[in-house]
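What follows is the residue order along each chain.
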Amino acid sequence: MEAKIETMDLALFTEKVNKLKETIGSVIIGQERSVELILSTILARGHVLLEGVPGVAKTLLAKMLAKLVDADFSRIQFTPDMMPSDVLGTSVFDMKSSEFSFHPGPVFADIVLVDEVNRAPAKTQSALFEVMEERQATIDGIVHPMSAMYTILATQNPVEQEGTYKLPEAQLDRFMMKITIPYPSFDEEIRILDRHNRNARLARLDDVTPVITKSELLSMFGFAEKVYIEESLLKYIASIVQQTRSSKAVVLGASPRASVALLQSAKAMALLQGREFVTPEDVKQVAPFVIQHRLLLSAEAEMEGHTPLKVIQRLIEKVEVPK
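Residues numbered from 1 in each chain as written. Predicted model: local features only at pLDDT ≥ 70, side-chain atom pairs only at ≥ 80, totals over all residues. Heavy atoms only, no water.

K.L.:
Quick question: what am I supposed to make of the overall build of the protein chain here?
P.N.:
Across its full length, the protein chain holds 13 helices and 11 strands. Against the globule reference of 20 Å for 323 residues, the protein chain gives a C-alpha radius of gyration of 21 Å, in line with a compact fold. Along the first, second and third principal axes, the C-alpha atoms of the protein chain reach 70 × 55 × 45 Å. The long-range share in the protein chain, meaning contacts at least 24 apart out of those at least 6 apart in sequence, stands at 78%. Element-wise, carbon and sulfur atoms account for 54% of the exposed surface of the protein chain, whose accessible area totals about 16400 Å². Placing the 36 positive and 43 negative side-chain charges of the protein chain at their respective mean positions leaves the two points 3 Å apart. (Helix = DSSP H or I, 4+ residues; strand = E, 2+ residues; numbered from the N terminus. Rg over C-alpha atoms; globule rule 2.2 N^0.38 Å. Contact = heavy atoms within 4.5 Å. Areas by Shrake-Rupley, 256 points an atom, 1.4 Å probe, with all protein chains shown as cover. Lys, Arg positive; Asp, Glu negative; His and termini not counted. Charge placed at Lys NZ, Arg CZ, Asp CG, Glu CD.)

Structure, rendered in structure tokens:
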């Protein structure tokens, strides 16, 4: 018999998530959808690729999120001269004990912000992606496991491509979601200016207190796994992924890893909405962000101005929604 989520646990979780969203919204205006997608990825134990121009609060969002969930946070600024040891850490010889001791690198934290992931060379990128996949690092033959909450939030700048190293499709596949942080709307920008005009200091991260403890968040990982999904929705997920493999606009479609990621993130999204069951809307909400970065478009589709996001949104509409 399938385990169920206690109603009291679900109500408490929903209350805390709403408080978390409210607190982020009091500082960062206009990123409600991005916040929800990032939270669903964390609950589904995935990693996120954030894309957006400088100045849209990508770094502030990551730092604030880590603070609100009481997570250990670290930030790595990727540069062209960065080596794998700068990310993973290194063993240092201790003269007093005549032994090597491991000094962990910045990747050893609960939430790790990797700024401009495409600026580091392939060797350093590979070191990061291996840790993302295995959730452990082997250094000098010793295995160092990551924390249970371990999540990578990597940013990628869509402009200034000079001096960058394009992420291969196989490495992009390691990210559960790719989320584009948009410019604020006209009204949102006015609210941002008004807030700065009235209070230039605004809220500092030091003033932010955790809304959810680390142990509470870890227990919520278990809730996400217990969320119920009907067999018809499993077929719906499979049909969406199959569409990416048969479309003429797509050269490389989504893999079974994408199907599993879509299942896990749909469950997490349902939980964020305060439900213990998945609806077709949960799947439709996360599918574009789970699949877009896993597609390789044909030259004809690109010449016609199509983007992976537009293509997957069109393919989703072709699939019949379960009743």
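K.L.:
In this structure, what is going on with the pattern of salt bridges? I would like to understand it.
P.N.:
If charged atoms from side chains of opposite charge come close, those side chains can pair. As enumerated under the stated definition, the model contains 14 salt bridges in all. For R119, the salt bridge goes to E116, with nearest N and O atoms at 2.9 Å. Taken individually, R119 and E116 each receive the classification buried, so the pair is uniform in this respect. Of the charged contacts in the structure, one is a salt bridge between D173 and R257, with a shortest N-O distance of 2.7 Å. Placement of D173 in the loop between helix 6 (169-172) and strand 9 (177-180) and of R257 in helix 10 (residues 256-272) is noted, with a sequence separation of 84 residues between them. What you see here is one network of salt bridges that share partners, running through E133, D173, R174, R257 and R294. (Salt bridge = Lys/Arg side-chain N within 4 Å of Asp/Glu carboxyl O. Buried < 20%, exposed > 50% of the residue type's maximum accessible area, 1.4 Å probe, protein only.)

K.L.:
What is the right way to read the pairing of strand 4 (residues 99-104) from this model?
P.N.:
The side chains of a regular strand alternate between both faces of the sheet. In terms of burial, strand 4 is a largely surface element, zero of the six residues being buried. As paired strands, strand 3 (residues 89-94) and strand 4 are joined by six bridges and run antiparallel to one another. Bridge pairing in strand 4 places T90 opposite H103. Between strand 3 and strand 4, which follow one another and run antiparallel, lie four residues, and S98 among them has a positive phi close to 55°. (Pairing = 2+ DSSP bridges.)

K.L.:
Explanation requested: a nonpolar patch on the surface in the structure shown.
P.N.:
A contiguous nonpolar patch, built from F93, M95 and F100 and spanning about 390 Å² of accessible area, is present on the exposed surface. Among the secondary structure elements, M95 is positioned in the loop between strand 3 and strand 4. Looking at M95, the relative accessible area reads 68%, which means it is exposed. (Patch = residues over 30% accessible without salt bridge, like charges linked within 9 Å, V, L, I, M, F, W, Y side chains within 5 Å.)

K.L.:
Where do I start with the sheet that holds strand 1 (residues 48-51) in this structure?
P.N.:
Strands pair in a sheet through their backbones, by hydrogen bonds, and they do so in one of two ways: parallel or antiparallel. Pairing within the open sheet is parallel, and its five strands lie in the order 2-5-8-1-9. Across the chains shown, the open sheet's two edge strands, defined by having one partner strand only, are strand 2 (73-77) and strand 9. Taken over all neighbouring pairs, the strand axes of this sheet differ in orientation by 20° on average, direction set aside. Pairing between strand 1 and strand 9: four bridges, direction parallel. Within strand 9, the position partnered with E51 by the bridge is T180. Those strands touched by helix 2 (residues 32-43) are strand 1, strand 5 (111-115), strand 8 (151-156) and strand 9, and its axis lies near 165° from that of strand 9. (Axes fitted to C-alpha atoms, helices over the stretch in contact; angles between N-to-C directions.)

K.L.:
Would you explain the side chain of T124 in this entry?
P.N.:
Looking at where T124 falls in the secondary structure, it is placed in helix 5 (residues 122-134). In contact with T124, not counting residues within four places along its chain, are F78, M82, M83, P84 and V87.

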